[in-house]
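# Residue-level structural notes
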Amino acid sequence: MTDRVDNLAPVPRVALTRVEAAARLGMSLDSFERHVQPDVRLIRRGKLRLVPVSELERWCRDTAEGVLP
């Protein structure tokens, strides 16, 4: 048995780079760093910074404004 990955189905990501997280929210990296990053927990490993998808979803829920009737 080999550890080949070329035949695997795509694996859902549980964390994104900051650039990917910004794109997923539809904003620039600069806006992400100023407005979102201070409010989310990051995974830090050396120079690598990953944003858990669950943190992005929490941030969206917490910052969304209610709709007026």
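A brief report on the enclosed structure follows.

Definitions and cut-offs
- Residues numbered from 1 in each chain as written.
- Predicted model: local features only at pLDDT ≥ 70, side-chain atom pairs only at ≥ 80, totals over all residues.
- Heavy atoms only, no water.
- Salt bridge = Lys/Arg side-chain N within 4 Å of Asp/Glu carboxyl O.
- Buried < 20%, exposed > 50% of the residue type's maximum accessible area, 1.4 Å probe, protein only.
- Helix = DSSP H or I, 4+ residues; strand = E, 2+ residues; numbered from the N terminus.
- Axes fitted to C-alpha atoms, helices over the stretch in contact; angles between N-to-C directions.
- Parallel < 35°, antiparallel > 145°, perpendicular 65-115°, else oblique.
- Contact = heavy atoms within 4.5 Å.
- Nonpolar A, V, L, I, M, F, W, Y, C, P; charged D, E, K, R; others polar.
- Polar contact = N/O pair within 3.5 Å; in protein donor to acceptor, adjacent residues only side chain to side chain.
- Arc of directions from axis to C-beta.

### Let's talk about the pattern of salt bridges
- Counted by the stated rule, this structure contains six salt bridges.
- Across the salt bridge formed by Arg-13 and Glu-20, the nearest N and O atoms sit 2.8 Å from each other.
- Judged by its relative accessible area of 47%, Arg-13 falls in the partly exposed class.
- The shortest N-O distance in the salt bridge between Glu-55 and Arg-58 comes to 3.0 Å. Of this pair, Glu-55 and Arg-58 both sit in helix α3 (residues 53-63), three residues apart, which is roughly one turn of the helix.
- When its relative accessible area of 24% is taken as the criterion, Arg-58 is described as partly exposed.
- Within this structure, Arg-41, Glu-55, Arg-58 and Asp-62 form a network of salt bridges that share partners.

### Comments concerning the packing of helix α1 (residues 18-25) against helix α2 (residues 29-36)
- Where α1 contacts α2, the two axes come as close as 9 Å, and the packing angle between them is 90°. The orientation of α1 with respect to α2, classified from their angle, is roughly perpendicular. Along its contact with α1, which presents Arg-18, Val-19, Ala-21, Ala-22 and Leu-25, the element α2 presents Leu-29, Phe-32, Glu-33 and Val-36.
- The class makeup of the residues in the contact of α1 with α2 is seven nonpolar, no polar and two charged.

### Quick word on the side chain of Glu-55
- Note on Glu-55: relative accessible area 9%, which makes it buried.
- There is a polar contact of 3.0 Å between the side chain of Glu-55 and the side chain of Arg-58.
- With near-sequence residues (within four places) excluded, Glu-55 lies in contact with Asp-39, Val-40 and Arg-41.

### Examining α3
- Val-53, Glu-55, Leu-56 and Trp-59 are the residues of α3 that are buried. All buried residues of α3 lie within an arc of 160° about the axis, which places them on one face of the element. The outward face of α3, more than 90 degrees from its buried face, is lined by the exposed residues Arg-61 and Asp-62.
- Check the buried side of α3 and you find it contacts β1 (15-17), α1, α2 and β3 (48-52).

In short, the description is geometric, and any link to function would need to be established separately.
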